[in-house]
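# Architecture and fold: a report
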Amino acid sequence: MTKQKQLPHHTAEFQGYTMDELRYHRAYSAARVEINRSRLHERIAGLRKNGFRPKGTPGGVVGRLIGAFSYIDLGIMAWKIGSQTFRIFRRLRR
C-alpha cells in the first residue's frame, strides 16, 4: 500500500496554524477560484463567438440556421423528418 500524507492538523503535536499560514491558504484559494472563473468566462465567450455551431458547418444561411439549434433540437427534427419520410414511403407501397 502507498503511504498517505498525514495532514498536520491530524497529528497530536499540532498547535494550530499561524496567521501567515492562514493568509497564505486564503490567498491561494482565492487565486485558484479566480483562475477557474477566468477560464470559464473564456470558454463561454468562445461558445458565444462561434454561435454553438459544430465546426464543420458552413458560414452561409444554412450554416447560421443549423448553428441556431442545439444538438438535441437537430436530433428531434431529424427524428420527425425521418418518421414522416417512412410514413410517405409506406403509403406509396400500398
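The structure under discussion appears in the preceding block.
Rules and cut-offs
- Residues numbered from 1 in each chain as written.
- Predicted model: local features only at pLDDT ≥ 70, side-chain atom pairs only at ≥ 80, totals over all residues.
- Heavy atoms only, no water.
- Helix = DSSP H or I, 4+ residues; strand = E, 2+ residues; numbered from the N terminus.
- Buried < 20%, exposed > 50% of the residue type's maximum accessible area, 1.4 Å probe, protein only.
- Areas by Shrake-Rupley, 256 points an atom, 1.4 Å probe, with all protein chains shown as cover.
- Patch = residues over 30% accessible without salt bridge, like charges linked within 9 Å, V, L, I, M, F, W, Y side chains within 5 Å.
- Salt bridge = Lys/Arg side-chain N within 4 Å of Asp/Glu carboxyl O.
- Lys, Arg positive; Asp, Glu negative; His and termini not counted.
- Charge placed at Lys NZ, Arg CZ, Asp CG, Glu CD.
- Contact = heavy atoms within 4.5 Å.
- Phe/Tyr/Trp six-rings, centres within 6.5 Å; stacked < 30°, edge-to-face > 60°.

### Some details on the overall build of the protein
A count of helical and extended segments in the protein gives three helices and zero strands. Counted from the first residue to the last, the protein has its helices and strands arranged as α-α-α. Taken over 94 residues, the protein has a buried fraction of 3%. Accessible area for the protein stands at about 9,500 Å²; split by element, carbon and sulfur atoms hold 60% of it.

### Notes on a positive patch on the surface
Judged by side-chain charge, Arg 87, Arg 90, Arg 91, Arg 93 and Arg 94 come together as a positively charged surface patch. Mapping Arg 87 onto the fold places it in helix α3 (residues 71–93). Judged by its relative accessible area of 44%, Arg 87 falls in the partly exposed class.

### Quick look at a nonpolar patch on the surface
Residues Tyr 17, Met 19 and Leu 22 make up a contiguous nonpolar surface patch of about 290 Å² in total accessible area. Examined against the element boundaries, Met 19 turns out to sit in helix α1 (residues 19–50). With relative accessibility at 53%, the residue Met 19 sits in the exposed group.

### Some remarks on the environment of His 9
Note that His 9 resides in the segment before α1. Note on His 9: relative accessible area 40%, which makes it partly exposed. Apart from the residues within four sequence positions on either side, His 9 is in contact with Phe 14 and Tyr 17.

### Quick look at the packing of aromatic side chains
For the structure on display, the rule yields two aromatic pairs. Taken together, a centroid distance of 6.2 Å and an interplanar angle of 20° make the contact between Tyr 24 and Tyr 28 stacked. With a gap of four residues between them, Tyr 24 and Tyr 28 both fall in helix α1, about one helical turn apart. What makes Tyr 24 exposed here is its relative accessible area of 53%.

### Focus on the pattern of salt bridges
This model, assessed by the stated rule, comprises two salt bridges. Notably, a salt bridge pairs Asp 20 with Arg 23, separated by 3.3 Å at the nearest N-O pair. A residue pair is termed a helical-turn pair when its members lie 3 or 4 positions apart in one helix, as Asp 20 and Arg 23 do in helix α1 at three residues. Both residues of the pair, Asp 20 and Arg 23, belong to the exposed class. The closest approach of N and O atoms between Arg 37 and Glu 34, which form a salt bridge, is 3.4 Å. One end of the pair is Arg 37 and the other is Glu 34, both in helix α1 and three residues apart, which spans about a single turn. For Arg 37, a relative accessible area of 43% gives the class partly exposed.

So, to be careful, I would describe these as geometric facts and stop short of saying anything about function.
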